[in-house]
Amino acid sequence: MYWNRQFYSKQGADSAGFGASCLRFCARMVLFYFSFLSYNVRESNEHFCSIMRVTGRNRGTVVMAVQYRRLTENDLDTFIEMRIRQLREEGATEEIDLKPALFDYYKRHMADGTFVSWLAVDGEKIVGTSGMSFVEKPPYFSCPSGKIGLLSSMYTADEYRRQGIAKALLTRVVEEAREYGCGCVQITASDMGVLLYTDFGFVKNGNFMQYKCEGKP
């Protein structure tokens, strides 16, 4: 009997140990399964996001968030390339290499504060540009300060258009003109830009469009 009790006690201990081992094994398998599932879900999400970025761009919808910042001298090469691209789209005839003259103009007037620009960027890529030059004329009735903002370089890369980027850039450079003390902002608008400027509050004034800064919020 004593031997039997020893035998069954040993059997019970072995069974308990085996059961514990099984539980540990099952726990490890469950953890492995959920880790595998989590990894695949993450990979699927990343793949889905990549697809969305590609298909979104192809359809003219930008998925990645666009941010805005001021132009710096380090941006000038790209800025000038986009300015020339804009002039080409507007039908300008290329008779000279305009890059040196543009670089000289932007560098000088950025330094003395009479030219400012805001950029739209997607990561490190510049996708939209704007520009505001400040000039001063003898005061006249519709612009008592005599200070005028000349708007230029309003350009957005093809795949980023119709996303509100141009309006966001325009808002920022018009505010720069207001802070500088300009009584109005003027631009010779291309056919593509007329709707944007009209909606913003520009009015036709001879060969250009004009926006009055004074009295505006």
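Residues numbered from 1 in each chain as written. Predicted model: local features only at pLDDT ≥ 70, side-chain atom pairs only at ≥ 80, totals over all residues. Heavy atoms only, no water.

### Topic: the overall build of the chain
Now for step 1: The secondary structure content of the chain amounts to five helices and eight strands.
Now for step 2: Beginning at the N terminus, the succession of helices and strands in the chain can be written as α-β-α-α-β-β-β-β-α-β-α-β-β.
Now for step 3: Counting every position in the chain, which comprises 217 residues, the buried fraction comes to 31%.
Now for step 4: Taken as a whole, the chain presents about 14300 Å² of accessible surface, with 58% of it coming from carbon and sulfur. (Helix = DSSP H or I, 4+ residues; strand = E, 2+ residues; numbered from the N terminus. Buried < 20%, exposed > 50% of the residue type's maximum accessible area, 1.4 Å probe, protein only. Areas by Shrake-Rupley, 256 points an atom, 1.4 Å probe, with all protein chains shown as cover.)

### Digging into the packing of aromatic side chains
Now for step 1: Summed over all chains, the structure comprises ten aromatic pairs.
Now for step 2: Between F79 and F115, the ring centres sit 6.3 Å apart and the planes meet at 70°, which makes this aromatic pair edge-to-face. With F79 in helix α2 (residues 76–89) and F115 in strand β2 (residues 115–116), this pair connects stretches of sequence that are 36 residues apart. The pair F79 / F115 is uniform in exposure class, with both members buried.
Now for step 3: The rings of F79, Y105, Y106 and F115 are connected pair by pair, giving a single aromatic cluster. (Phe/Tyr/Trp six-rings, centres within 6.5 Å; stacked < 30°, edge-to-face > 60°.)

### Topic: the side chain of S152
Now for step 1: Among the structural elements, S152 can be located in strand β5 (residues 147–156).
Now for step 2: We classify S152 as buried; its relative accessible area is 18%.
Now for step 3: Once residues within four sequence positions are removed from consideration, S152 is found in contact with F115, S130 and G131. (Contact = heavy atoms within 4.5 Å.)

### Comments concerning the nonpolar core
Now for step 1: M132, L151, L170, V185, Y197, F202 and Y211 are the most contacted members of the largest nonpolar core, which has 25 residues in total.
Now for step 2: Of all the secondary structure elements, the ones that give two or more residues to this core are β3 (118–122), β4 (125–136), β5, α4 (165–180), β6 (184–187), α5 (194–200) and β8 (208–212).
Now for step 3: Top contributing element to this core by residue count: α4, with six residues.
Now for step 4: If you look at the next biggest cluster of nonpolar residues, it comprises 13 residues, including L71, F79, I80 and Y106. (Core = buried A, V, L, I, M, F, W, Y, C linked by side-chain atoms within 4.5 Å.)

### Some words on the packing of α2 against helix α3 (residues 99–111)
Now for step 1: Where α2 meets α3, the axes come as close as 10 Å, and the angle between the chain directions of the two elements is 125°. In terms of their interaxial angle, α2 and α3 are classed as oblique. As α2 packs across α3, the resulting crossing turns out to be right-handed. From α2, L76, D77, F79, I80, E81, R83 and I84 reach across to α3, where they touch K99, L102, F103, Y106, K107 and M110.
Now for step 2: Of the residues that constitute the contact of α2 with α3, the class distribution is eight nonpolar, no polar and five charged. (Axes fitted to C-alpha atoms, helices over the stretch in contact; angles between N-to-C directions. Parallel < 35°, antiparallel > 145°, perpendicular 65-115°, else oblique. Left-handed = near helix turned anticlockwise from the far one by under 90°. Nonpolar A, V, L, I, M, F, W, Y, C, P; charged D, E, K, R; others polar.)

### Notes on the layout of surface pockets
Now for step 1: There is about 190 Å³ of room inside the second largest pocket.
Now for step 2: I84, L87, R88, A92, T93, E94, E95, I96, D97, L98 and K99 together form the lining of the second largest pocket.
Now for step 3: A class-by-class count of the residues in the lining of the second largest pocket yields five nonpolar, one polar and five charged. (1 Å grid on protein atoms, 1.4 Å probe; cavity = no way out; pocket = protein on both sides within 12 Å on 5 of 7 lines; lining within 4 Å. Points joined across faces, edges and corners; volume = space filled by probe spheres on them.)

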